[in-house]
Amino acid sequence: MKVYISGPMTGLPHYNYHSFDKMERTLLRLGHEVVNPAEIGRQIAGSAHLSDEQLRQIMHDNLAALTTCDAIVLLDGHAMSNGARIEVALARYLGLALITQAMIEHGNITPTMEEAS
């Protein structure tokens, strides 16, 4: 299953890339194909402060990548992120499975992910 990771970035140290990378490793171990927005951000700007133009480009690329996925994984704090809320709205519109970080940590993702197939 192809899974997109969504969570807070803006205003956090190093854009919270470590949380995205940790979740990516977990999902890969579980056998999923992963789209990690932190990787998209690194490709555009590294870990430097992002300009408004770079932020728009990253959001554009993230949303395009999300449309290719079967599910979205919501990191803790996603509800406080404007970008993540946009991603969740699009995922719901597209009918993707929504999976929380807590579900993964408790080993409770298989039923939700199978529904997305």
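Analysis parameters
Residues numbered from 1 in each chain as written. Predicted model: local features only at pLDDT ≥ 70, side-chain atom pairs only at ≥ 80, totals over all residues. Heavy atoms only, no water. Helix = DSSP H or I, 4+ residues; strand = E, 2+ residues; numbered from the N terminus. Contact = heavy atoms within 4.5 Å. Areas by Shrake-Rupley, 256 points an atom, 1.4 Å probe, with all protein chains shown as cover. Core = buried A, V, L, I, M, F, W, Y, C linked by side-chain atoms within 4.5 Å. Buried < 20%, exposed > 50% of the residue type's maximum accessible area, 1.4 Å probe, protein only. Pairing = 2+ DSSP bridges. Axes fitted to C-alpha atoms, helices over the stretch in contact; angles between N-to-C directions. Lys, Arg positive; Asp, Glu negative; His and termini not counted. Salt bridge = Lys/Arg side-chain N within 4 Å of Asp/Glu carboxyl O. Polar contact = N/O pair within 3.5 Å; in protein donor to acceptor, adjacent residues only side chain to side chain.

1. Some thoughts on the overall build of the protein
1) Next: Check the secondary structure of the protein and you find six helices and four strands.
2) Next: Ordered by position from N to C terminus, the α and β elements of the protein give β-α-β-α-α-β-α-β-α-α.
3) Next: The long-range share in the protein, meaning contacts at least 24 apart out of those at least 6 apart in sequence, stands at 65%.
4) Next: Counting every atom, the protein has about 6,500 Å² of accessible surface; 54% of that belongs to carbon and sulfur.

2. Quick word on the nonpolar core
1) Next: Counting 18 residues, the largest nonpolar core has Ile5, Met9, Phe20, Met23, Leu27, Val73 and Ile104 as its most contacted members.
2) Next: Within the residue set of this core, elements represented by two or more residues are β1 (2–6), α1 (17–29), β3 (71–74) and β4 (97–100).
3) Next: Ranked by the residues each element gives to this core, the list is headed by α1, at four residues.
4) Next: Those residues in contact with Val73, other than ones at most four positions away along the chain, are Val3, Tyr4, Ile5, Ser6, Met23, Leu27, Ile99 and Ile104.
5) Next: One finds Ile40, Ala65, Val88 and Ala91 within the second-largest nonpolar core, a separate group that totals eleven residues.

3. Re the sheet that holds β3
Paired through their backbone hydrogen bonds, the strands of a sheet run either parallel or antiparallel.
1) Next: Ordered by their spatial adjacency, four strands build an open sheet running β2-β1-β3-β4, and the pairing between neighbours is parallel. With one partner strand each, in any of the chains shown, β2 (33–35) and β4 form the two edges of the open sheet. Adjacent strand axes in the sheet meet at a mean angle of 30°, parallel and antiparallel pairs treated alike.
2) Next: Pairing of β3 with β4 involves four bridges; the strand directions are parallel. Considered in β4, the bridge of Val73 is made with Ile99.

4. Thoughts on the side chain of Lys2
1) Next: Residue position: Lys2 is located in strand β1.
2) Next: Despite its burial, Lys2 pairs with no opposite charge, the nearest such side chain being Glu33 at 4.1 Å.
3) Next: Within polar-contact distance, the side chain of Lys2 engages the side chain of Thr68 at 2.9 Å.
4) Next: Look past the residues within four positions of Lys2 in its chain and what remains in contact with it is Glu33, Val35, Thr68, Cys69, Asp70 and Ala71.

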